[in-house]
Amino acid sequence: MIEDQHLPALEGMFPSWITTSSNGGEPNTTVISQIWFVSETEVALSFQFFNKTKKNISQNPYAFATIVNPASFDMYNLELEYNRTENDGDLFDEMDMKLEAIASMSGMSGIFELKGADIYNVLSINKIN
Amino acid sequence: MNKSEAFELRSQLDRRNKEIEIIETVASQINKTLDLDAIAKTMLISMDNYFDFKHSMILLLDQSEGVLKVIATHGYENDGIGAEVAIGVGVIGVVAKKKKLMRMANIGSQRRYMESIKRQIESNDKVESDKDINLPGLPNTESQVAIPMLVEDELIGVFAVESDQINIFDKSDEMIIRILANQTASALQNAKLYNLEQQRLKELDKAHAELAELNSNLEKKVSDRTEELVQLSTKLAKYFSPQVYDSIFSGKLDVKIQTKRKSLTVFFCDLQGFTQLTERLEPEILTELLTEYLTEMSKIAIKWGGTIDKFIGDAILVFFGDPETKGKKEDALACVSMALEMLEKLEELRGTWLEKGFTKSLKARMGIHSGFCTVGNFGSEDRLDYTVIGNGVNLASRLEGSADPNKILISEDTYLLVKDEVKCLKNKEISVKGLSYPIQSYEVSGFSSNSSLYSSKLMKSIPGLSLQFDPDEIEDNERAMKLISEVLSRLV
């Protein structure tokens, strides 16, 4: 599903958009710094704060994301479904390390903490024309 | 597979082969040396030359301080050697903490994102978070690959490559950097171990040298102290009679309160008229005179083996028979011989004193007695005096007091010991306090002519006449007789 051409868009070069919906059907779109590549069928979002996205997902597991390839400016829409949250493992470590590296540079060690890596199944990926 | 795909694969394969070749070259280069700095520098320059990684640095873990220290850099305005990175801070610090590599593509925008959150937090919570951290590297770094250098899963340092361009390092760069970092890690570890061993050797050498110096210092201290003791004992020696000094310092005589009864010959001597002289003479002149007199008398006492007990002003107390004795008779004879020589010497001294202007002639009175006395260390624990006490001493003193000027008075006990060698005239009887009977005294007039101690030599000095006569030295008897006749004729 996810192919080589999509990978540059999952490096966090350009921010991504994620849209979720509450139980009552109220949508919420937010900008996030990176959607992470996990496997051909999975991506991950960092869970740092309990925010609206997190709240919506707990009620309705489906989400919609838009990513940008920084080299070609190609944009892709992804349909996602929340699968699980990882609190350890290679992916979690990679995300945690990057967060910590940047936070510590700004003197914010310990304030920013990765609570988990939220893994989503990719249901579809389509280029926006 | 079409033509262009085949070409693509072929060129990829070429590139891989080329990379492997370069890695091997670099690896063999850095393994040639055991110099940490050379290894690090060679590696960084090679990365630039072969792979176009323009900015790189190597940091080593300082175990004692728990920080990473920059040991080599390449491609920076400032070499930044020695700059520190705390574990857990920044890309490099976090890599060191987690011991996992990290590849960052857009540090700048992530930092700006973080900064904005920071400002929000600060304005909301009114808290001041830490200041921005200064880290070595490019001021506007965007892409960075940092790799922990591990040896047997222990962190020894971090290897970092960076760029001010966004998303410059891809997965294959990461792999090349990882291989080179591992090579560097093992080369550095070897060098580190080698250097550690060299340093230990040096420390061992240093410790060795220190020990040697300590030893030689110790030797010097001992010899200095010995020298001090020798000097001190030389000074002390002057306060003791040589026999006593030798006995003490050779350990034969213990310095503790201990006395014994012993048969001794005791000698007393003082200068008649000296007390009156002290009232008339300047102290300096008196000192000089007394020193000269006592020095000369001491020499003679020592020559005959006497133990100089003490000086009391102008008076001298000498005894024979302790700590060393040659036998009762020999001790007594030595004492009398000493007394006779002292008289002779005094005669000579009077001559020189006269020349110096001491018109009043000083005359000695001497007393000698042989008998049992108590000798040893008397006094308190703190102040001991090696001396002699007893009736024998009192008697010698009484004899001295009864002697005529320039005469030697001896007791009957001494007389009996020396009569074979010494000519004596029976003198008055002396009564001594504590003795119920009077003591017969004898006046010594010289050695018997049959005595081995008899000397035909003559040395006399009276005001107006000095005579030194040694028949063995006279070569022309007639001339000598003529000279004496002339003196006699002038005297009449």
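No experiment lies behind these values; they were computed from the predicted model shown.

Turning to the overall build of chain B, a few remarks are in order. Across its full length, chain B carries twelve helices and 16 strands. By the burial criterion, 30% of the 492 residues in chain B qualify as buried. Partitioning the contacts of chain B with sequence separation of at least 6, the portion at a separation of at least 24 is 66%.

This part takes up the overall build of chain A. Scanning chain A from terminus to terminus reveals two helices and seven strands. Split into buried and exposed, the 129 residues of chain A put 36% on the buried side. Nonlocal contacts in chain A, meaning residues at least 24 apart in sequence, comprise 70% of its contacts between residues at least 6 apart.

Residues and elements named next belong to chain B. An order of 3-2-1-6-5-4 is seen for the six strands of this open sheet, with the pairing classed as antiparallel. On the outer flanks of this sheet lie strand 3 (84-86) and strand 4 (102-104), each paired with one strand and no other. Sheet twist, expressed as the average angle between the axes of neighbouring strands with direction ignored, equals 25°. One ladder, built from seven bridges, connects strand 1 (residues 55-62) with strand 2 (residues 67-74); its direction is antiparallel. Residue Asp62 lies in a different strand from strand 2, and its bridge partner there is Val67.

So, about the interface of chain A and chain B. Of the residues lining the interface, 19 residues belong to chain A; the matching set on chain B comes to 27 residues. Looking at the side of chain A that touches chain B, its residues break down into nine nonpolar, six polar and four charged.

Take helix 2 (residues 90-105) of chain A next. Residues and elements named next belong to chain A. For helix 2, built from 16 residues, the straight-helix expectation of 22 Å at 1.5 Å per residue is met to within 8% by its first-to-last C-alpha distance of 23 Å. Among the residues making up helix 2, those that are buried are Met95, Asp96, Met97, Lys98, Leu99, Glu100, Ala101, Ile102, Ala103, Ser104 and Met105. Immediately beyond the C-terminal end of helix 2, within one or two residues, lies Gly107, with a positive phi of roughly 75°.

Below, the discussion takes up the environment of Leu68 of chain B. Residues and elements named next belong to chain B. Following the sequence through the fold, Leu68 ends up in strand 2. The exposure class of Leu68 is buried, given the 27 C-beta atoms found within 10 Å. Spatially, the C-alpha atom of Leu68 lies 5.1 Å from that of Val85, the residues being 17 residues apart in sequence. Every residue in contact with Leu68, bar those within four places of it in the chain, is listed here: Leu59, Leu60, Leu61, Glu84, Val85, Ile87, Ile92, Ala96, Gly157 and Val158.

Right, let's get into the pairing of strand 11 (residues 384-389) of chain B. Where a strand is regular, its side chains alternate between the two sheet faces. Relative to strand 11 of chain B, strand 10 (residues 363-379) of chain B runs antiparallel, the two being bridged by six bridges. What sits directly across from Gly376 of chain B, in strand 11 of chain B, is Thr387 of chain B.

Before going further, it helps to spend a moment on unusual backbone geometry. Even without glycine at this site, Phe73 of chain A takes up a positive phi of about 60°. By secondary structure assignment, the location of Phe73 of chain A is in the loop between strand 5 (62-68) and strand 6 (75-86). For Phe73 of chain A, a count of 9 C-beta atoms within 10 Å puts it in the exposed group. Phi is positive for Asn406 of chain B, close to 60°, though the residue is something other than glycine.

Val43 of chain A together with Ile92, Val95, Ala146, Ile147 and Val158 of chain B are the most contacted members of the largest nonpolar core, which totals 76 residues. Look past the residues within four positions of Ile147 of chain B in its chain and what remains in contact with it is Val95, Leu101, Val158, Phe159, Ile177, Arg178 and Ala181 of chain B.

Residue and element names in this part refer to chain A. On the basis of which strands lie adjacent, the open sheet formed by seven strands has the order 2-1-5-6-7-4-3 and antiparallel pairing. Looking at the sheet topology across the chains shown, the edges are occupied by strand 2 (27-32) and strand 3 (36-39). Each neighbouring strand pair of the sheet contributes to a mean axis angle of 35°, computed without reference to strand direction. Summarising the sheet, strand 4 (residues 42-47) and strand 7 (residues 116-127) pair through six bridges and their orientation is antiparallel. Along strand 7, the bridge assignment pairs Leu45 with Asp118.

A word on the packing of helix 1 (residues 3-30) of chain B against helix 5 (residues 171-237) of chain B. The relative placement of two packed helices comes down to the angle between their axes together with the axis-to-axis distance. Residue and element names in this part refer to chain B. It is at 10 Å that the axes of helix 1 and helix 5 come closest, and there the two elements cross at 15°. The angle between the axes of helix 1 and helix 5 places the two elements in the roughly parallel class. You can see that helix 1 and helix 5 cross each other, and the crossing is right-handed. Here Glu19, Ile23, Val26, Ala27 and Ile30 of helix 1 lie close against helix 5, whose contacting residues are Ile176, Ile179, Leu180, Gln183, Thr184 and Ala187. Residue composition of the contact of helix 1 with helix 5, grouped by class: eight nonpolar, two polar and one charged.

Per-chain confidence: chain B averages 84 in pLDDT, with 95% of residues scoring 70 or above. For this predicted complex, the interface confidence score (ipTM) comes to 0.80, while the overall pTM stands at 0.51.

Attention now moves to the environment of Ser46 of chain A. Residues and elements named next belong to chain A. With respect to the helices and strands, the residue Ser46 is situated in strand 4. Separated by 73 residues in sequence, Ser46 and Ile119 have C-alpha atoms that sit 8.9 Å apart. When near neighbours in sequence (up to four residues on either side) are disregarded, Ser46 contacts Met95, Leu99, Leu114 and Ala117.

Bringing helix 12 (residues 477-491) of chain B into the picture now. Under the 1.5 Å per step criterion, the end-to-end length of helix 12 of chain B is 21 Å for 15 residues, consistent within 8% with the ideal 21 Å. Of all 15 residues that make up helix 12 of chain B, zero are buried, and the element is exposed over most of its length.

Residues and elements named next belong to chain A. Relative to the elements of secondary structure, Glu79 occurs in strand 6. Sequence spacing of Glu79 and Thr19 is 60 residues, and the spatial spacing of their C-alpha atoms is 9.9 Å. Look past the residues within four positions of Glu79 in its chain and what remains in contact with it is Phe64, Leu123 and Ser124.

Relative orientation of the contacting elements helix 2 of chain A and helix 3 (residues 90-98) of chain B amounts to 135°, with a least axis distance of 8 Å. In this view, helix 2 of chain A runs oblique relative to helix 3 of chain B, as classed from their interaxial angle. Considering the relative orientation of helix 2 of chain A and helix 3 of chain B, their crossing is right-handed. Counted together, Asp93, Met97, Glu100, Ala101, Ser104 and Met105 of chain A of helix 2 of chain A and Gly90, Val91, Gly93, Val94 and Lys98 of chain B of helix 3 of chain B form the full contact between these two elements.

Rules behind the numbers
- Residues numbered from 1 in each chain as written.
- Chains lettered and ligands numbered in written order.
- Predicted model: local features only at pLDDT ≥ 70, side-chain atom pairs only at ≥ 80, totals over all residues.
- Helix = DSSP H or I, 4+ residues; strand = E, 2+ residues; numbered from the N terminus.
- Buried ≥ 20, exposed ≤ 12 C-beta atoms within 10 Å, placed from the backbone.
- Contact = placed C-beta atoms within 7 Å.
- Pairing = 2+ DSSP bridges.
- Axes fitted to C-alpha atoms, helices over the stretch in contact; angles between N-to-C directions.
- Nonpolar A, V, L, I, M, F, W, Y, C, P; charged D, E, K, R; others polar.
- Expected span 1.5 Å × (residues − 1).
- Core = buried A, V, L, I, M, F, W, Y, C linked by C-beta atoms within 7 Å.
- Parallel < 35°, antiparallel > 145°, perpendicular 65-115°, else oblique.
- Left-handed = near helix turned anticlockwise from the far one by under 90°.
- pLDDT = per-residue confidence, 0-100.

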